[in-house]
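The primary structure of each chain is shown beneath.
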Amino acid sequence: MHYLRWVEESGLEWPALSSARQRTLHLDGMANVRAALEWSFGPRGKSRIGVRLATAAAPVFLSMSLLVECHRWCSEAILALDDVDHDGRAEMHLQAGLGVSLMFMRGGTDEARVALERSFAIAEQLGSELDQLEVLGPLQMFHLRRGEFRTALRYAERCSRLAEALNDQTSATLAYSLMGISLHLSGELNSARTALEAALLSKPHPKNTTANYLGFDGRILAGAILARTLCLQGLQGEAIERSMATVEEAKTLNHPLTHCIALVWAVSVFLWADDVDRAETYIEELLRTAERHSLRPYSVVGRGFQHDLDIRKGDVFAGIEGLRNCVRELRATPYELLNTQLVLALLEGLLAAKETEGALALCDETINAVEANGDLCYLPELMHVRAGIVLVGPHGDDRQATAIPMRSAEPPKRIPHRFPETSLSIGVGRRSALVGTAVDAASLL
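All values reported here derive from a predicted model rather than from experimental measurement.

A.B. asks: Report on helix 17 (residues 316-332), specifying residues and quantitative values.
C.D. replies: Helix length check: helix 17, at 17 residues, gives a terminal C-alpha distance of 24 Å against a target of 24 Å (1.5 Å per residue), a fit within 8%. If you check which residues of helix 17 are buried, you get Val316, Gly319, Ile320, Gly322, Leu323, Cys326, Val327 and Leu330. Lining the buried residues of helix 17 we find helix 16 (296-312) and helix 18 (339-352).

Dropping the structure here:
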């Protein structure tokens with residue numbers, strides 16, 4: 001019972017600990033909690049104590065980025081729940097911990113969805129606005145990662161309404177961050193920037209960080225997505241600086257999942273800016289961190305980024321094959337947050353290889369998917385890639401090629417803003433260079 005009281009009273013202090021000595025003492029305490037969990041769920045233990053321990057420890061494991069342990073002990077505790085504990089706060093927190101850990105380790109699996117939806121159903125039943133907000137955040141991220149961007153936006157809107165009612169800094173940071181990424185992916189860049197900058201102005205108390213239930217630091221996500229927004233608005237220098245600053249801040253948190261989130265979005269900015277050297281360095285860091293901490297989707301995205309670099313360096317065949325494998329693996333996971341960016345890299349590889357027929361089919365399929373799912377921030381560039389494919393194809397038509405991008409310059413009315421001209425030019429120079437320097441088509445086909 002001593003370690004149960006300790007984790008209930010002080011377990012969430014991890015984000016506030018800055019010195020190595022403080023963190024060592026805290027890690028020692030968590031080692032004792034692990035031992036108590038082992039005993040509680042063992043043959044001579046008391047599972048009811050184990051359920052309480054696991055319930056209190058789950059947000060601590062998340063705040064420390066110990067996802068494997070969070071998954072293990074939440075699973076054990078859920079199996080041990082008796083009729084008295086069912087439908088209560090214990091199950092709500094355990095299902096949330098299980099869903100979040102599964103989502104980040106394995107992607108948008110049905111098992112993660114079931115756990116998160118069960119947790120939210122209990123939160124609604126209990127009627128606590130804070131409980132609902134804490135589960136809505138992971139649910140929004142779950143749908144983003146599955147590529148269900150319009151559904152995710154609806155969850156972000158619900159988060160915002162709840163956060164407004166709660167009126168505290170941690171809730172505001174969460175709501176602004178989640179709304180910002182949804183608006184960004186929807187192509188609403190000005191509104192996204194407003195929300196993301198508001199998230200960065202929020203200063204939640206470190207003991208009540210969003211990592212305690214979201215699984216990562218919301219302010220780091222806001223900084224990473226703000227960098228991408230600045231890049232799409234034509235402010236590449238500011239975007240690179242913001243990306244680098246966000247990664248450095250993430251490192252100080254000693255939270256591997258948050259670190260991977262900062263890295264993966266930073267690399268996307270560096271690739272857009274054609275900053276190959278910096279992208280290569282950060283990709284290596286992303287892969288090391290993701291593989292060390294069993295964050296499989298981030299490992300796959302990191303490999304996809306490496307294959308994007310293969311194409312940029314002239315190893316077109318290796319890049320194409322590697323990207324195809326990564327896109328296939330991410331769709332099977334599923335993890336769709338950066339799949340469209342990887343598809344764009346694959347399309348440019350196919351364009352360099354003069355494989356125009358397959359490239360055109362894939363491009364049209366991707367455009368249809370983007371319009372259906374709602375990650376419209378990629379639509380302008382997809383239209384320009386399509387124009388390039390048509391132009392270099394066997395039946396290339398200058399009039400058709402130059403007319404197609406006008407669709408992205410004048411987006412449909414359902415997109416609530418006009419894409420800036422600068423966002424339409426990302427990748428155009430590199431694409432022209434690829435086409436101009438591609439090896440003889442006969443040796444590729």
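A.B. asks: Please give an account of the packing of aromatic side chains that cites residues and values.
C.D. replies: Applying the stated criterion across every chain, the model contains 5 aromatic pairs. Here the aromatic rings of phenylalanine 41 and tryptophan 73 are separated by 6.0 Å at their centres, their planes lie at 20°, and the arrangement is stacked. Of this pair, phenylalanine 41 sits in the loop between helix 2 (20-40) and helix 3 (47-63) while tryptophan 73 sits in helix 4 (residues 67-80), and the two are 32 residues apart along the sequence. An identical accessibility class is assigned to phenylalanine 41 and tryptophan 73; each is buried. The ring centre of phenylalanine 270 lies 5.9 Å from the NZ or CZ of arginine 278, which sits over that ring.

A.B. asks: Break down the side chain of arginine 312 for me, with residues and values.
C.D. replies: If you trace the backbone, arginine 312 turns up in helix 16. A residue is classified by how much of its surface remains accessible, and arginine 312, at 17% relative accessible area, is buried.

A.B. asks: Got a sec to walk through the pattern of salt bridges? Specific residues and values, please.
C.D. replies: With the rule as written, the count across this model stands at 22 salt bridges. Salt-bridge contacts for arginine 106 lead to glutamate 111; the nearest nitrogen and oxygen are separated by 3.9 Å. A salt bridge links arginine 312 to aspartate 274; the shortest N-O distance between them is 2.7 Å. Of this pair, arginine 312 sits in helix 16 while aspartate 274 is found in the loop between helix 14 (256-272) and helix 15 (276-292), placing the two residues 38 residues apart along the sequence. Aspartate 274 sits in the partly exposed class, given a relative accessible area of 43%. Three or more residues are tied together by salt bridges with common partners; here these are Asp110, Arg113, Glu117, Arg146 and Glu148.

A.B. asks: Could you give an account of the environment of alanine 77, naming the residues involved and the relevant values?
C.D. replies: Mapped onto the elements of the fold, alanine 77 is located in helix 4. Owing to a relative accessible area of 0%, alanine 77 belongs among the buried residues under this scheme. Residues alanine 77 and leucine 53, 24 residues apart in the sequence, show an inter-C-alpha distance of 8.8 Å. Residues contacting alanine 77, with those up to four places away along its chain left out, are Phe41, Val51, Ala54 and Leu94.

A.B. asks: Lay out the nonpolar core in plain terms, naming residues and giving numbers.
C.D. replies: Counting residues in hydrophobic clusters, the biggest one holds 137 residues, and the most contacted among them are Phe104, Leu221, Trp265, Tyr298, Phe305 and Leu347. Not counting residues within four places of it along the chain, the set of residues in contact with phenylalanine 104 comprises Leu67, Arg145, Leu214, Gly215, Phe216, Leu257, Leu295, Pro297 and Tyr298.

Reading the values: rules and limits
- Throughout this document, residue positions are counted from 1 along each chain, in the order its sequence is written.
- Two thresholds apply to this predicted model, a pLDDT of at least 70 for residue-level local features and 80 or more for giving and counting side-chain atom pairs, whereas whole-chain, interface and lining totals are computed over all residues.
- Water and hydrogen atoms were dropped before computing side-chain values, which therefore reflect all heavy atoms in the structure.
- In this description a helix means any DSSP run of H or I spanning at least four residues, a strand means any run of E spanning at least two, and both kinds are numbered starting from the N terminus.
- Expected span of a helix, by definition, is 1.5 Å for each gap between consecutive residues, and there is one gap fewer than residues.
- Residue burial is assigned from relative accessible area. The probe radius is 1.4 Å, only protein chains are included, and a residue is buried under 20% of its type maximum, exposed over 50%, and partly exposed in between.
- Any two residues having at least one pair of non-hydrogen atoms within 4.5 Å are treated as being in contact.
- Here is the rule: rings of Phe, Tyr and Trp (six-membered ring for Trp) pair when centre to centre is within 6.5 Å. Planes less than 30 degrees apart are stacked, more than 60 are edge-to-face, and the remainder are tilted.
- The rule for a charge over a ring is simple: NZ of Lys or CZ of Arg within 6 Å of the ring centre, and within 35 degrees of the ring normal.
- Only one rule defines a salt bridge in this text: a Lys or Arg side-chain nitrogen within 4 Å of an Asp or Glu carboxyl oxygen.
- Within this scheme, the nonpolar core is defined by two criteria: the residues are buried Ala, Val, Leu, Ile, Met, Phe, Trp, Tyr or Cys, and they are joined through side-chain atoms within 4.5 Å.

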